[in-house]
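Chain residues, written in single-letter form:
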Amino acid sequence: MIPVNLKQMLPQGELDPRLIPGLLCGSATVFLTLKWMRRRQTVKKVEEAQKKREESLRHMEDAVLTFERQNGKINMDAIVSMPLAELAAKLKDGSVTPDTALYAYIVKALEVHKQVNCLADFLPECEAQLKEVKKDRAKGLLYGVPVSIKEHYGYKGHDSNCGLARYINIPEQQDSVIVQVLKKQGAIPFVKTNASQSMFNFECSNPINGQTVNPRDHTKTTGGSTGGEGALIGGGGSLLGFGSDIAGSIRIPSSYCGICGLKPTVTRLSAKGIGSPVYGLSSVQLMIGPMARDVDSLVLCLQALLCEEMFRLDNTVPPIPFNENLYSNSTPLRIGYYDTDDYALPVPCMRRAVLETKKLLQQAGHELIQFTPPRVDYMASELFVKGIFADGASTLLDAFEGDIIDTNLKSQISVYRLPRWTKKILSFILRPLFPRIAKELNALCGVRSAKELWAQHAAIQAYREEFMDEWKKLNLDVLLCPAMGPALNIGVLGKLWDASSTTYLYNMLNFPAGVLPVTVVTEDDEEQLKQYKGHYNDHWDNLIKEGARGGVGLPVAVQCVALPWQEELCLRLMKEVERVTHHRKRRCSL
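Residues numbered from 1 in each chain as written. Predicted model: local features only at pLDDT ≥ 70, side-chain atom pairs only at ≥ 80, totals over all residues. Heavy atoms only, no water.

Asks: Where do I start with a nonpolar patch on the surface in this structure?
Replies: A cluster of nonpolar side chains, namely Trp 421, Ile 425, Phe 428 and Ile 429, defines an oily patch on the protein surface of about 510 Å² accessible area. When you line up the elements, Trp 421 lands in helix α16 (residues 420-430). Classification of Trp 421 as exposed rests on a relative accessible area of 58%. (Patch = residues over 30% accessible without salt bridge, like charges linked within 9 Å, V, L, I, M, F, W, Y side chains within 5 Å. Areas by Shrake-Rupley, 256 points an atom, 1.4 Å probe, with all protein chains shown as cover. Salt bridge = Lys/Arg side-chain N within 4 Å of Asp/Glu carboxyl O. Helix = DSSP H or I, 4+ residues; strand = E, 2+ residues; numbered from the N terminus. Buried < 20%, exposed > 50% of the residue type's maximum accessible area, 1.4 Å probe, protein only.)

Printed below as a string of structure tokens:
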């Protein structure tokens, strides 16, 4: 051990050189002991959280058994096969009771969870809320509808740990605004769903809840970070869920799992009470949004949420109700389109989906105009990555201090932990052969002063103006472009620092964007994939090619985009796409 009073060992104020090895050895022993103790405490907290989750799911099973003993066997299939609009109507007219709907979805959610490991927590308060809902004569737009929410959505009495040990056993003191509004509209949140650790990864796994797999192919990922929602809804265990999106975290799982998802403009919906390991981002901000089986469900959801209750609870949300006229307008649209952004080349099936959908929209009377998104390579590294990691990822790394790092995140975290000078040197060395990876490494160094940060914010604003100028030159209403997909093999996304410019472009621009399935991967797509080299033919392109192999039959989505605050126009395009591709949509079902 280190002596308590070193001065006693210092003759005339100097340290005896013979004592130095012992002191160093003692210091190392103390350091390693403290590190081991902290690690052991982390492991214990994670184990406690795992047991708590198991108990929660057992409570879920017990709730079903109790209900069935009192009311008889639930006709689950009849309930869970209904679209949201139909179920909502039947709940309102009383032909389906809220308790039957809730317990039918609890049964189905458990069934899906056993196959794909998508649930993080059961919300037993839903049973008490059910009794209150049945007394409510006002009957909101989502009266009696069971809904699922992503793990980090604040729900009173439950953790929002983001898969990180430091946030375990810190229950929320009140519901997030979105949960309060859902309850006001009669919806019944009943489960929380799994997410990637820290939510800064496109896989869906963490040391507490484990890996969530794709309901259509268990060797494939659900995408992330809202992968639990994607898997649950895609597997039929929920018909309306809620996620968050800072780089594609709603749209990627929706694309991978064959469902619809919408990322709105920042603050169109309240994010108050949503947990995160990183606060204070302004270059790119977290957005929350709905996920569902069809576009009509997304529309009904926004009609319900954009209400006085939300505007009252969060004054940062502009009081803009759902614009029915904008959504229902039947005038033909001027639709821009592109099948690649010349940075992250979509695999063959994704490009085919855009071009086939473009042709169908033309046949339906809409005008399609080719659009080229400007300078996406510059946007990707200098604006998005440098913006989201302006601090060199130090705040995110602080959240991982002493934690167990999920397998899918180890590669990513290792890169973030490199000293700034190492990233700079590697960037310089790699630039001739791997320019895209080199630029990303350089961007991960972040900015070094407030002055540089302000300059970066100004550059983002200038790029937004440049993009909108190109949009307005063509007089576009909306945009059709690739989503990210199809679902990749588990583990691949954890090795890609940057594979989703198709989605995060619209986070950086702060445009509303949604995805929906339009077709499936074919044998011909699989054959063409063999020739795929990407735009750069680098390590990331090779990973995407390998990860996409074996995808025949998986859903293929397209992305629809509108200008800020025009979610209704984005949804209108999504509805048009859904309508013109309807004959193929059945092939996307389980």
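Asks: What's the story with the sheet that holds strand β14 (residues 513-520) in this structure? I'm lost.
Replies: Strand pairing in a sheet relies on backbone hydrogen bonds, with the paired strands running either antiparallel or parallel. Spatially, β1-β3-β2-β8-β10-β9-β14-β15-β13-β11-β12 is the arrangement adopted by the eleven strands of the open sheet, whose pairing is mixed. Two strands close off the open sheet at either side, each with one partner strand: β1 (119-122) and β12 (367-370). On average, adjacent strands in this sheet sit at an angle of 30° to one another, irrespective of strand direction. In this structure, strand β8 (residues 240-245) lies alongside strand β10 (residues 287-292), joined through six bridges in antiparallel fashion. Bridged to Leu 240 within β10 is Ala 292. Running over the sheet, helix α19 (residues 501-509) touches β8, β9 (260-263), β10, β13 (478-482), β14 and β15 (555-561) and is turned about 25° from β15. (Pairing = 2+ DSSP bridges. Axes fitted to C-alpha atoms, helices over the stretch in contact; angles between N-to-C directions. Contact = heavy atoms within 4.5 Å.)

Asks: Is there a simple way to think about the side chain of Arg 53 in this case?
Replies: Considering the arrangement of structural elements, one finds Arg 53 in helix α1 (residues 20-71). We note that Arg 53 is buried and unpaired, the nearest opposite charge coming from Glu 54 at a distance of 6.7 Å. Sequence-distant contacts of Arg 53, that is, excluding residues within four places in its chain, are made with His 113, Asn 117, Leu 119, Ala 120, Ile 208 and Asn 209. (Lys, Arg positive; Asp, Glu negative; His and termini not counted.)

Asks: I'm lost on the packing of aromatic side chains in this one. Help?
Replies: Counted according to the given criterion, the structure contains 14 aromatic pairs. Ring plane angle 85° and centroid distance 6.1 Å describe the contact between Phe 467 and Tyr 506, whose orientation is recorded as edge-to-face. Here Phe 467, found in helix α18 (residues 450-473), pairs with Tyr 506, found in helix α19; they are 39 residues apart in sequence, far enough to count as distant. Each member of the pair, Phe 467 together with Tyr 506, is buried. Each ring, one from Phe 467 and one from Phe 511, has its centre 5.6 Å from the other, and the planes form 80°; the classification is edge-to-face. One end of the pair, Phe 467, is in helix α18; the other, Phe 511, is in the loop between α19 and β14, with 44 residues separating them in the sequence. In this structure an aromatic cluster arises from ring pairing among Tyr 338, Phe 371, Tyr 378, Tyr 463, Phe 467, Trp 471, Tyr 506 and Phe 511. (Phe/Tyr/Trp six-rings, centres within 6.5 Å; stacked < 30°, edge-to-face > 60°.)

Asks: Mind showing me how you'd approach the layout of surface pockets here?
Replies: Empty space among the atoms becomes visible once a probe the size of a water molecule is rolled across them. Approximately 460 Å³ is the volume attributed to the second largest pocket. Elements with a minimum of two residues in the lining of the second largest pocket: β8 and β10. Considering only residue class, the lining of the second largest pocket consists of 15 nonpolar, twelve polar and four charged. (1 Å grid on protein atoms, 1.4 Å probe; cavity = no way out; pocket = protein on both sides within 12 Å on 5 of 7 lines; lining within 4 Å. Points joined across faces, edges and corners; volume = space filled by probe spheres on them. Nonpolar A, V, L, I, M, F, W, Y, C, P; charged D, E, K, R; others polar.)

Asks: Before we go on, may I ask you to explain the nonpolar core in this structure?
Replies: Nonpolar side chains tend toward joint burial in soluble globular proteins. Core analysis: the largest hydrophobic core is formed by 177 residues, its most contacted members being Met 60, Met 379, Tyr 506 and Leu 571. If you tally residues by element for this core, the top one is helix α4 (residues 98-116), at ten residues. Among residues more than four places away in sequence, those in contact with Met 379 are Phe 384, Tyr 463, Tyr 504, Leu 505 and Met 508. Grouped together as the second largest cluster of nonpolar side chains are six residues, Ala 49, Ile 168, Ile 208 and Ile 404 included. (Core = buried A, V, L, I, M, F, W, Y, C linked by side-chain atoms within 4.5 Å.)

Asks: Where do I start with the pattern of salt bridges in this structure?
Replies: Should the charged atoms of two oppositely charged side chains come close, the side chains can pair. Summed over all chains, the structure comprises 26 salt bridges. Measuring nitrogen to oxygen at the nearest pair gives 2.9 Å for the salt bridge that ties Lys 108 to Glu 111. Note that Lys 108 and Glu 111 are positioned in helix α4 at a spacing of three residues, about one turn of the helix. Note on Lys 108: relative accessible area 15%, which makes it buried. Owing to a relative accessible area of 33%, Glu 111 belongs among the partly exposed residues under this scheme. With a shortest N-O distance of 2.9 Å, Asp 245 and Arg 251 are connected by a salt bridge. The buried category is assigned to Asp 245, whose relative accessible area is 0%. Here Arg 251 falls in the buried class, since its relative accessible area comes to 1%.

Asks: Can you walk me through the environment of Leu 281 in this structure?
Replies: Mapped onto the fold, Leu 281 is located in the loop between β9 and β10. On the accessibility criterion, Leu 281 (22% relative accessible area) is partly exposed. Here the alpha-carbon distance between Leu 281 and Ile 388, two residues 107 residues apart in the chain, equals 6.8 Å. Filtering out sequence-adjacent residues up to four positions away, Leu 281 remains in contact with Phe 200, Ile 246, Gly 387 and Ile 388.

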